[in-house]
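Geometric and topological summary
Given next are the chains, with one letter for each unit.
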Amino acid sequence: MATLIVVGAQWGDEGKGKIVHLLGKKADYIVRYQGGNNAGHTVVFDGKTFVLHQIPSGILQPGKKCIIANGVVLDPAALKEEILFLESRGIRVRGRLAVSAWAHLILPYHKYLDAHREAGSDKIGTTKKGIGPAYSDKVGRTGIRLADFMEPDLFRELVERNLQEKAPVLEQVISLDALRRETFKDYDALRKFFEPFVANTPALLQEALAAKKNVLFEGAQGALLDVDFGTYPFVTSSNPVAGAACVGAGVGPGAIDEVLGVVKAYTTRVGDGPFPTELTGEMGEFLRSRGQEFGATTGRPRRCGWFDAVVMRHSVRVNGITRLALTKLDILEGVDPIRVCVAYRYKGKLLKDFPASRQAQAAVAPVYKDLPGFTGPVKGITQLNKLPVAARDYVRFLEKQSGAPVGFISMGRSRDETILIDKRFRWTP
Ligand code: IMP
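Just so you know, these numbers come straight off a predicted model, no measurement behind them. (Residues numbered from 1 in each chain as written. Predicted model: local features only at pLDDT ≥ 70, side-chain atom pairs only at ≥ 80, totals over all residues. Heavy atoms only, no water.)

Remarks on the pattern of salt bridges
A full pass over the atoms with the stated rule returns 26 salt bridges. For Arg180, the salt bridge goes to Asp177, with nearest N and O atoms at 2.7 Å. Of this pair, Arg180 and Asp177 both sit in helix 7 (residues 176-184), 3 residues apart, which is roughly one turn of the helix. Accessibility expressed as a relative area gives 23% for Arg180, which makes it partly exposed. Taking the shortest distance from any N to any O, the salt bridge between Asp257 and Arg426 comes out at 3.8 Å. Of this pair, Asp257 sits in the loop between helix 10 (244-249) and strand 11 (258-264) while Arg426 sits in the segment after strand 20 (418-420), and the two are 169 residues apart along the sequence. Accessibility expressed as a relative area gives 34% for Asp257, which makes it partly exposed. Residue class for Arg426 comes out partly exposed when judged on its relative accessible area of 47%. One connected set of salt bridges, linked through shared partners, spans Asp13, Lys264, Glu293, Arg302 and Lys328. (Salt bridge = Lys/Arg side-chain N within 4 Å of Asp/Glu carboxyl O. Helix = DSSP H or I, 4+ residues; strand = E, 2+ residues; numbered from the N terminus. Buried < 20%, exposed > 50% of the residue type's maximum accessible area, 1.4 Å probe, protein only.)

Looking at the packing of aromatic side chains
Geometry of an aromatic ring pair is reported as the spacing of the ring centres plus the angle between the planes. Taken as a whole, this structure holds 11 aromatic pairs when the rule is applied. With a centroid separation of 5.0 Å and an interplanar angle of 80°, the aromatic rings of Phe149 and Tyr187 are classed as edge-to-face. One end of the pair, Phe149, is in helix 5 (residues 146-149); the other, Tyr187, is in helix 8 (residues 187-194), and 38 residues separate them in sequence. Tyr187 sits in the buried class, given a relative accessible area of 1%. A ring pair is formed by Phe408 and Phe425, whose centres lie 5.8 Å apart and whose planes are at 70°; its orientation type is edge-to-face. (Phe/Tyr/Trp six-rings, centres within 6.5 Å; stacked < 30°, edge-to-face > 60°.)

Thoughts on the environment of Glu160
Its place among the elements puts Glu160 in helix 6 (residues 152-170). It is 21 Å that separates the C-alpha atoms of Glu160 and Ala115, two residues lying 45 residues apart in sequence.

A short note on the site of the ligand
Lining the immediate surroundings of the ligand are 15 residues, of which Asp13, Asn38, Thr127, Thr236 and Arg300 lie closest. Thr127 is positioned such that a nitrogen or oxygen atom in its side chain is 2.6 Å from an oxygen atom of the ligand. Interatomic distance of 3.1 Å between a backbone N/O atom of Val270 and an oxygen atom of the ligand. Out of a free accessible area of 470 Å², the ligand has 97% covered by protein chains. When residues of the shell around the ligand are sorted by domain, at least three fall in each of domain 1 (1-101 + 198-268 + 307-329 + 376-429) and domain 2 (104-144 + 151-192). (Near = heavy atom within 4 Å. Polar contact = N/O pair within 3.5 Å; in protein donor to acceptor, adjacent residues only side chain to side chain. Areas by Shrake-Rupley, 256 points an atom, 1.4 Å probe, with all protein chains shown as cover. Domains from an automatic or database assignment.)

In C-alpha cells:
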C-alpha cells in the first residue's frame, strides 16, 4: 500500500492536473478532499484537452476508482454536467466515481451570495462558484449535505429554513420565489441521477487501505490560498494544505506516506490579494502570454511574477512536502537574468519567513538573487543531464531555497514532456 498527497505549493494553477494524471497511473484510487468547482485541472489525454472541476483527474485513466470526499463542497447541477460531458467524450464514469454522503452542497443561493459579496467593497476576486458561502454554512452548522439532498422532505425543509435566514441579503438580488424555482427545477431528476454515486467514502477508503491499494489524494488550489496559511482574507474557504486530506477524506494521519508539492518555475495568482514578486510590466506580460496564464475555470488573466522562495519555504513547512514537481521551466527559456526572491524587507528588517500580518504581506519588498538565464531549447528534453547547465543550476537553487528535492520537471501538458529525476520514488511512472 502507498498513499500520496499532491498539493499546490503556491497560489494554485501550478499544473497539478498533469502531475496527478502522470502519477495516477500507479494509483488504484484518486481522491479529491477539498475545494469545489472553483478548481480547474487541465489534462491532455489521448490528444484531447480536458478541464476537470470536481471529478478527480484520475477518471481519465481506465479502471481507476475516483472519490469526491466529504471535504469537498459540491454543486450537484455542475457535477452532473461534468459527468455527462465526460461520458459524451467516451469516458466511463458510472461505477468508477463515488461521492461522499457527507459532502456539503453548493446550492443556487450560495452563488448569489458569493456574487453579491463580490459586487461590494469586500470583494476578493472569487470564482463566484459559491464556495465561500457554502463552507460558511458548513462551519455555521446550517449546511446541507448530500445525504440530506437524498431525503426530499428534509431537503425542502432545510432549503426553506436557509432561504428565510438569508432573505435580507438574497432579496436584494433575487426574489425568494425565483430562487425556490431555480433550486427545485431539476431536483427530482438530480436526486435520482446521484443515487448510484452516493457512498460511505470513509468506509470505501478504509477497505482500500486494508487491501493495500495505492491511494492518491488530489489537492485543489494551493497553500497560499489556504484559509489558515494563505494570504487571508484573500484565500479560498477550505484548506488546500496536505493535512486537510485526512479530515477531508476521513482517513487517519498514519495512513499518509508522502506529500508531493507541485510548484511552477515562476509564480502566478488569480484574484486579488498580496503577491510580493508580481511583475506588472513587460516581463509579467511576457510570462502570461508565453505561459498561457489564463484561469482554467474563469478565463481570467493570471497575475505573473518571479519565483518566491519565501512563499515556498512556508509552503514546504505547512504541507510537510517531501518532494517537489517543478512545472513550466521551459517558459523561462531565454529570460536573462532569472530572478528569485530569497527574502523580504519590511520596516527595515530582513524576513526569511512568510509573515502572518496582512499588512506585512501587502507591503514587503522582495530581495532578489539574480541567476544566469538559459538559452533553449529545453522543451522536449527528457533527461536532467541534457538540460543546459544554467537550467540545472536554477533547479538546484530552487530546491535549496525551498527545502525540498525536485523529483520531476514538467515542460508541457502531455505526459512525455517530463523529466523524471527521482527514479526511486515509488509513484514514478
Ligand atoms: P473562491 O475559492 O472562488 O472563493 O475564490 C477565492 C480565491 O481563490 C480567489 O482569489 C480565486 O481566484 C482563488 N481560486 C479559487 N480556486 C482556484 C484555483 O483552482 N486556482 C487558482 N486560484 C483559485
